[in-house]
Structure formats: C-alpha cells, structure tokens
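Okay, here's what each chain looks like letter by letter:
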Amino acid sequence: MERNNQLQRQVALMRQSLFDQGYLDEQFVQLEELQDDTNPNFVEEVVTLYYRDSARLIASIEQALDKSPLDFNKLDSYMHQFKGSSSSIGGRKVKTECSQFREYCRTGNGEGCIRTFQQVKREYSTLRKKLEAYFQLARQAGPRGAASRST
C-alpha cells in the first residue's frame, strides 16, 4: 500500500513538473477531465493518436522543406495542422515553436523555417519522452495515479 502511495505521489510530482517546465498547458487538464472509469486510458489514447498524426505531419514538412523553391503556403498548412494537434493535447512548447515556424512562412524566410523546424522537432521529441515516462509511471501506480488532477 505504501509503495502504491509513493508511486502516486511520484506521478503527481512528474505531472506538475510538466506544467512547471512549460511543456503542458490547461488543455491537458481539460483532456484529463474527460477521462473517467469507463475510459481510464482516454488521455494516453488521445496522446498516442497525436504521436501517429505528428509523425505523418513531420514527414510531410520534411519533404516540403527538401523541395526548391519552398512552397510556403503548403508548409504553413502542414504546420497549422501540427500546431492544432499539439494544442489539442496541451503541448505548449511545441505549439509556441509551430507559431514561430508559421511566422517565417508568412514572411517567406526559408532559413528561419528550416532552423525553427529543427526546434519544433526537438520540443516534440522532448514532450513525447516526458509524456511516455509519465504514462508509464501512471500505469505502474494504477488508476488513481493518472487521476490526480491538481494543478
């Protein structure tokens, strides 16, 4: 019992650190509020769908960045989708970098797009690793571990 309480405290601390470090925003809390006993893995399932969608969009952006001349409208459209997906799970830092990329698209700054896309991918990768660790620990702690919703 004590081990389970300890795991639940670790889950709560890890979750809070994701907010404190700026990786997640209020949208993640809203997702958690949709999770209940009938669908205890709702948030993790939504985030898993986000990973799948993101991989497709990242590949599309990489292909578009390899073309010359750059099609800024197409790049902006892909990044708009990626930003929306990131926003829907509360991916704050990813969303911020997506906004910067879109600004470079609007001004026709190819170098800015390329440089910022590397940052988008870094933030996405970091968020993914942190969320995967969080969900793994939450699974170990049991149903109550994922349900600690104090922000």
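Report follows, based on the coordinates. All values reported here derive from a predicted model rather than from experimental measurement.

**Structural notes on the pattern of salt bridges**
Thinking step 1. Scanning the model with the defined rule gives 8 salt bridges in all.
Thinking step 2. Put simply, Arg 139 and Glu 44 hold a salt bridge, and the shortest N to O gap is 2.3 Å. Here Glu 44 lies in helix H3 (residues 42-66) and Arg 139 lies in helix H6 (residues 110-141), a separation of 95 residues in the sequence.
Thinking step 3. The salt bridge partner of Asp 76 is Arg 102, with a shortest N-O separation of 2.7 Å. Here Arg 102 lies in helix H5 (residues 92-107) and Asp 76 lies in helix H4 (residues 72-88), a separation of 26 residues in the sequence.

**Structural notes on the nonpolar core**
Thinking step 1. With 38 residues, the main nonpolar core has Phe 82 and Leu 131 as its most contacted residues.
Thinking step 2. Elements that contribute at least two residues to this core include exactly helix H1 (2-20), helix H2 (26-34), H3, H4, H5 and H6.
Thinking step 3. Here the element with the most residues in this core is H6; it accounts for 11 residues.
Thinking step 4. The contact partners of Phe 82, leaving out residues within four places of it in the chain, are Tyr 50, Ser 54, Leu 57, Ile 58, Val 94, Cys 98, Val 120 and Tyr 124.

Cut-off values and rules
- Residues numbered from 1 in each chain as written.
- Predicted model: local features only at pLDDT ≥ 70, side-chain atom pairs only at ≥ 80, totals over all residues.
- Heavy atoms only, no water.
- Salt bridge = Lys/Arg side-chain N within 4 Å of Asp/Glu carboxyl O.
- Helix = DSSP H or I, 4+ residues; strand = E, 2+ residues; numbered from the N terminus.
- Core = buried A, V, L, I, M, F, W, Y, C linked by side-chain atoms within 4.5 Å.
- Buried < 20%, exposed > 50% of the residue type's maximum accessible area, 1.4 Å probe, protein only.
- Contact = heavy atoms within 4.5 Å.

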